[in-house]
Amino acid sequence: MTTSIDMQAVADLLLEVGRDIVMPRFRCLRAEDVAEKTSHKDLVTVADEEAEAFLTPRLEALLAGSQAVGEEAVGRNPTLMGRLREPGLSWLIDPIDGTASFAVGSPFFATMVALVRGGDAVASWILDPPSGRLYMAEKGAGAWLREPDGSLHRLHMPSPPSLAHLSGVANFGISDRELARRMAYRIDQTAGMLNLRCSGQEYPAMALGQIHWGIYGRNIPWDHAPGTLLVCEAGGIARRLNGQDYRAADPPGGSPLVAACGEDQWNWLKTGIFDP
């Protein structure tokens, strides 16, 4: 990556926001601290707002001329999404991915950031606030897990030998009922399927080899740009079901996004499970 970014400086910001803003609110929210945005499934809490407000100016200060595109800011001003298609640098911020889980006291949530240049993610960070584990990826430089004690471990996704050895996650709602029917009929050809309702938990699980694939229909960039880069830098691939590469600047929706631990595994899933 030609853009110089201090990976640890961003990591330190995420660790600070997790320690000082997110976790103090976990399992301590009052009813007035939680609000609906577009539906009862689309929530925002005071922790989301405070975390994004903390990260936005500090990330922009790390790189001159960079602009933030935060989930909550876009909710107030959707035109901010256009920054991802501009030639400069943008920071994608998901202050709490899995807000619905966070709001009810479930530990399946994450804080995520991606640095985007010319529409593509070039660096990403995913924090698991309850554990303090932090996942980082830099385009062309690999993917890493930073443990709470500061130790770093390079991530390499394993390559299971057959479709029957693959387990994964499906999260595409009910927008494509035919695809859902095909998967329900064929999923017993694989090792199983789950849904953590948090891509910030699911992509790290892929990078660690705990699961091997994921399919997503609602491809909002702050949910997927950090994780797809992590998976790709750990040796996997992230591609739409129609064969197009996934990009952070892609509009939400379109052909489902499929991330997998390797080219062969992606093709097995496409031909054996997803295709008509």
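Quick note: structure is the one above.
These notes cover the structure that comes with them. Everything numeric in this text was worked out from a predicted model, so none of it was measured.

Quick notes on the rules
Residue positions are counted from 1 within each chain, in the order its sequence is given. Totals for whole chains, interfaces and linings use all residues, but because this is a predicted model, local features are given only for residues with pLDDT of at least 70 and pairs of side-chain atoms are given and counted only at 80 or more. Only hydrogens and water are set aside; all other atoms, that is, all heavy atoms of the structure, feed into the side-chain values. Each helix is a run of H or I in the DSSP string that is no shorter than four residues. Each strand is a run of E no shorter than two, and both are numbered from the N terminus. Our radius of gyration is a C-alpha quantity, and the globule rule it is checked against amounts to 2.2 Å times the number of residues to the power 0.38. Under the scheme applied here, a residue whose accessible area is under 20% of the maximum for its type counts as buried, over 50% as exposed, and between as partly exposed, the area being computed with a 1.4 Å probe on protein chains only. Method for areas: the Shrake-Rupley scheme with a 1.4 Å probe, in which residue coverage is limited to the protein chains shown. The charge count includes Lys and Arg as positive and Asp and Glu as negative, but it does not include His or the ends of the chains. Each charge is placed at NZ for Lys, CZ for Arg, CG for Asp and CD for Glu. Aromatic contacts are taken between Phe, Tyr and Trp rings whose centres are within 6.5 Å, Trp giving its six-membered ring; a plane angle under 30 degrees counts as stacked, one over 60 as edge-to-face, and the others as tilted. Only lysine NZ and arginine CZ atoms are considered, and such an atom sits over a ring when it is within 6 Å of the ring centre and within 35 degrees of the ring normal. Throughout this description, the term salt bridge denotes a Lys or Arg side-chain nitrogen within 4 Å of a carboxyl oxygen of Asp or Glu. Criterion used throughout: strands pair if DSSP finds at least two bridges between them. A 1.4 Å probe that fits but cannot get out identifies a cavity on a 1 Å grid over protein atoms alone, an open set with protein on both sides within 12 Å along at least five of seven lines counts as a pocket, and a residue lines either if it has an atom within 4 Å of a point. Grid points are joined across faces, edges and corners, and a volume is the space filled by probe spheres set on the points. For this classification, Asp, Glu, Lys and Arg are treated as charged, while Ala, Val, Leu, Ile, Met, Phe, Trp, Tyr, Cys and Pro are nonpolar and the rest, including Gly, are polar.

### Some details on the overall build of the protein chain
Turning to step 1, where the next piece is worked out: Assigned secondary structure in the protein chain consists of eight helices and 14 strands.
Turning to step 2, where the next piece is worked out: Computed over C-alpha atoms, the radius of gyration of the protein chain comes to 18 Å, within 12% of the 19 Å expected from 2.2 N^0.38 for 276 residues, which places it in the range of a compact globule.
Turning to step 3, where the next piece is worked out: Here the C-alpha coordinates of the protein chain stretch approximately 45 × 45 × 40 Å along the principal axes.
Turning to step 4, where the next piece is worked out: Counting only residues that meet the buried cut, the protein chain has 57% of its 276 residues in that class.
Turning to step 5, where the next piece is worked out: Roughly 11700 Å² of accessible area belongs to the protein chain as shown, and the carbon and sulfur atoms make up 52% of that amount.
Turning to step 6, where the next piece is worked out: Positive and negative charge centroids in the protein chain, built from 25 and 34 side chains respectively, lie 4 Å apart.

### Some points on the packing of aromatic side chains
To describe a pair of aromatic rings, one takes the distance between the centres and the angle between the planes.
Turning to step 1, where the next piece is worked out: Under the definition given, this model contains six aromatic pairs.
Turning to step 2, where the next piece is worked out: Through a chain of ring-to-ring contacts, the aromatic side chains of F26, F102 and F109 assemble into a single cluster.
Turning to step 3, where the next piece is worked out: Between R58 and the ring centre of F54, over which it is positioned, the NZ or CZ distance is 3.9 Å.
Turning to step 4, where the next piece is worked out: Residue placement shows R239 over the ring face of W266; its charged tip is 5.0 Å from the ring centre.

### Overview of helix 6 (residues 199-207)
Turning to step 1, where the next piece is worked out: With nine of nine residues buried, helix 6 is to be regarded as a mostly interior element.
Turning to step 2, where the next piece is worked out: Turning to helix 6, its buried residues are S199, G200, Q201, E202, Y203, P204, A205, M206 and A207.
Turning to step 3, where the next piece is worked out: Downstream of helix 6 by a residue or two, G209 has a phi angle that is positive, lying close to 85°.

### Describing the pattern of salt bridges
Turning to step 1, where the next piece is worked out: Inspection of the entire model under this criterion finds 15 salt bridges.
Turning to step 2, where the next piece is worked out: The salt bridge partner of D33 is R30, with a shortest N-O separation of 3.2 Å.
Turning to step 3, where the next piece is worked out: Given the relative accessible area of 4%, D33 is considered buried.
Turning to step 4, where the next piece is worked out: For R30, a relative accessible area of 48% puts it in the partly exposed group.
Turning to step 5, where the next piece is worked out: A salt bridge links D275 to K270; the nearest nitrogen and oxygen atoms lie 3.0 Å apart.
Turning to step 6, where the next piece is worked out: Each of K37, D42, E71 and E72 takes part in salt bridges that share partners, so that together they form one network.

### Quick notes on the pairing of strand 10 (residues 167-171)
Turning to step 1, where the next piece is worked out: Within strand 10, four of the five residues are buried, which leaves the element mostly enclosed by the surrounding structure.
Turning to step 2, where the next piece is worked out: Examined bridge by bridge, strand 10 and strand 11 (residues 192-194) share three bridges and lie parallel to one another. For S167, the partnering residue across the bridge sits in strand 11 and is G192.
Turning to step 3, where the next piece is worked out: The pairing of strand 10 with strand 12 (residues 213-216) spans four bridges and is parallel. Its bridge partner lying in strand 12, A170 is registered against I215.

### Points about the layout of surface pockets
Turning to step 1, where the next piece is worked out: Put simply, the second largest pocket is a space of about 280 Å³.
Turning to step 2, where the next piece is worked out: Looking at the second largest pocket, it is lined by 13 residues, and the ones nearest its centre are A121, K139, L229, C232 and Y246.
Turning to step 3, where the next piece is worked out: Residue contributions to the lining of the second largest pocket peak at five residues, all from helix 7 (residues 221-233).
Turning to step 4, where the next piece is worked out: Here the residues of the lining of the second largest pocket sort into seven nonpolar, one polar and five charged.

### Description of the environment of K139
Turning to step 1, where the next piece is worked out: By the secondary structure assignment, K139 is in the loop between strand 7 (133-138) and strand 8 (142-146).
Turning to step 2, where the next piece is worked out: Note: C-alpha distance between K139 and V122 (17 residues apart in sequence) is 4.9 Å.

By themselves, these observations are geometric and do not establish any function.
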